[in-house]
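Listed here are the chains, written in short residue letters.
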Amino acid sequence: MLNCKQMSEMGSIIIDGQEPWRSKMSVMMHLSMCKRCSRYMQQLKLTSQVLQQSRIEADEAEIERTLGRLTRWE
Ligand SMILES: [Zn+2]
């Protein structure tokens, strides 16, 4: 059985969906019993979504398009 410390250490692996199937089971079991970790996982998921979003926004092509628009407006 995983403890909370192991859960937090595995956090990013879990979010990436790269944890092996066997540890996934114990993660799921822990999350169903531990409010603290399930909240932590939700926050981690949210954070990684926001990070992905900002990566898309910082996409070079998008920046160029934005700059291009700005130039046109001048
Ligand atoms: Zn826990």
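Keep in mind that this is a model prediction, so the values were computed, not measured. (Residues numbered from 1 in each chain as written. Predicted model: local features only at pLDDT ≥ 70, side-chain atom pairs only at ≥ 80, totals over all residues.)

1. Digging into the overall build of the protein chain
The following threshold applies: The helix and strand labels rest on DSSP assignments: H or I over at least four residues marks a helix, E over at least two residues marks a strand, and numbering proceeds from the N terminus. Neighbour density around each residue's C-beta defines its exposure: 20 or more other C-beta atoms within 10 Å make it buried, 12 or fewer make it exposed, and counts between make it partly exposed, where C-beta atoms are placed from the backbone.
If you tally the helices and strands in the protein chain, you get four helices and zero strands. Taken from the N to the C terminus, the helices and strands of the protein chain come in the order α-α-α-α. By residue count, 7% of the 74 residues in the protein chain fall in the buried class.

2. Side note on helix α1 (residues 4-16)
The test is simple: Here, expected helix span is obtained from the residue count minus one, scaled by 1.5 Å. Note on bend: at a given residue it equals the angle between the axes fitted to the 7 residues ending there and to the 7 starting there.
For α1, spanning 13 residues, the distance from its first C-alpha to its last is 19 Å, which sits close to the expected 18 Å at 1.5 Å a residue. Most pronounced at methionine 10, the bend in α1 amounts to some 55°. Following α1 by one or two positions, glycine 17 has its phi on the positive side, about 70°.

3. Some points on the environment of methionine 29
Mapped onto the elements, methionine 29 comes out in helix α2 (residues 21-33). In this structure, the C-alpha to C-alpha distance between methionine 29 and leucine 2, residues 27 residues apart in sequence, is 8.8 Å.

4. Here we look at the nonpolar core
Note the cut-off: Think of a nonpolar core as buried Ala, Val, Leu, Ile, Met, Phe, Trp, Tyr and Cys residues chained together by C-beta atoms that fall within 7 Å. Once C-beta atoms are placed from the backbone, any two residues with those atoms within 7 Å are in contact.
One finds Met7, Ile14, Val27, Cys37 and Met41 forming the largest nonpolar core, which totals five residues. When contributions to this core are tallied by element, the ones reaching two or more residues are α1 and α3 (35-57). Not counting the four nearest positions on each side in its chain, isoleucine 14 is found in contact with Glu19, Val27 and Met41.

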